[in-house]
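What follows is the residue order along each chain.
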Amino acid sequence: MPPALLDLILPPRCAGCGAPGAPACPACTAELLREPAPRPPDPPPPGLPDCWSATAYDGAARRMILAFKERGRTALVPVLAASVSACVAAWAAGGGADREVWLVPVPSARAASRRRGHEPVRAVAAAAARELRRRGRPAALAPLLRQSRRVADQAGLGSAERAVNLSGAFEVVPGSAARLRPSRRDLEAVAVVLVDDVVTTGTTLAEAARALRAAGAEASAAVTVAATRRRRRIGDYHGQ
């Protein structure tokens, strides 16, 4: 039986620690909201926007993201969205923007979306936009990107391999280009913010930013729920 259905008919357990009572207990929720801060990869890939995350990708945060993304625990959308909206608010408060925010979800591979039965990043970005509006900041979901070709599984790849794998992998959805080319005055009133679940090497977010740039828009920032604590591989040194 799908986990989302089990959450409806059985007493829920926290996806982070297993405690009964809710899909996310107060302690694990606090971990997801622990410390919105800049967490760029080291070294950052060329073209990566200002990169913020709510927490590190370990412990309860990692278990909750995997439960949502790979095991269909869609009841976790609100708490994951809260971490994204907290990052956007913290970035903006630090001088990032006093503008309307467009949240642009990084698209999932078509095969992954079919296997999961949902698009996790888009769901989180949509809920984060609603949360930002509830808190008084103009915000909108802007699903402007799609994958333009198939890519290999990124697991186990270093930064250089990921860059090759993702080069040219995203494009603006046909018909969306006009939305990205308003008058200069209107464009300056919008902050385009990329959204993903986890940042590792930053190559996915950098490729998404490139695709937007090619269509005439500049991503002001990128926000994720969590950031991987990277251990450099030999091939990652000296920008290789």
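The preceding data block contains the structure.
Here's a quick rundown of the structure. (Residues numbered from 1 in each chain as written. Predicted model: local features only at pLDDT ≥ 70, side-chain atom pairs only at ≥ 80, totals over all residues. Heavy atoms only, no water.)

1. Considerations on the environment of Ala90
Spelled out, the test is: Helix and strand assignments follow DSSP, with helices taken as H or I runs no shorter than four residues and strands as E runs no shorter than two, numbered in order from the N terminus. Contacts are assigned to residue pairs with any non-hydrogen atoms lying within 4.5 Å of each other.
Here Ala90 shows up in helix α4 (residues 77-96). Along the chain, Ala90 and Pro36 lie 54 residues apart, while their C-alpha atoms are 6.5 Å from each other. Excluding residues within four positions of it along the chain, Ala90 makes contact with Pro36 and Trp52.

2. Notes on the environment of Ala208
Counting through the fold element by element, Ala208 comes out in helix α9 (residues 203-214). Measuring from C-alpha to C-alpha, the distance between Ala208 and Pro105 comes to 9.2 Å, with 103 residues separating the pair along the chain. When near neighbours in sequence (up to four residues on either side) are disregarded, Ala208 contacts Val106, Leu145, Phe170 and Leu194.

3. Points about helix α3 (residues 59-71)
Keep this limit in mind: One fewer than the residue count of a helix, multiplied by 1.5 Å, yields its expected span. Type-normalised accessible area, obtained with a 1.4 Å probe on protein chains alone, sets the label of each residue: buried when under 20%, exposed when over 50%, and partly exposed for intermediate values.
Taking 1.5 Å of rise per residue, the 13 residues of α3 would be expected to cover 18 Å, and the 17 Å separating its terminal C-alpha atoms lies within 8% of that figure. Along α3, the residues classified as buried are Ala60, Ala61, Met64, Ile65, Ala67, Phe68 and Lys69.

4. Side note on the state of the cysteines
Rules: The term disulfide is used for any two cysteine sulfur atoms that are within 2.5 Å.
Per the counting criterion, the structure on display carries zero disulfides. Note on Cys14: no disulfide assigned, nearest cysteine sulfur contributed by Cys28 at a separation of 3.7 Å. Judged by its relative accessible area of 4%, Cys14 falls in the buried class. Here Cys17 stays unpaired: no disulfide links it, and the sulfur of Cys25, its closest cysteine neighbor, is 3.7 Å away. Take Cys17: its relative accessible area is 49%, and that puts it in the partly exposed class.

5. A short note on the nonpolar core
Convention followed: As used here, the term nonpolar core means buried Ala, Val, Leu, Ile, Met, Phe, Trp, Tyr and Cys residues forming a set that is joined through side-chain atoms within 4.5 Å.
Ranked by size, the top nonpolar core spans 43 residues in total, and within it Met64, Leu76, Leu80, Leu103, Val193 and Val223 carry the most contacts. For this core, the secondary-structure elements that each account for two or more residues are α2 (26-32), β2 (50-56), α3, α4, β3 (100-105), α6 (120-134), β7 (190-199) and β8 (219-227). It is α4 that contributes the most residues to this core, nine residues altogether. Setting aside anything within four residues of it in sequence, one finds Leu80 in contact with Leu32, Ile65, Phe68, Val124 and Val225. Ranked by size, the runner-up nonpolar core spans 26 residues in total, among them Val104, Ala140, Ala206 and Ala211.

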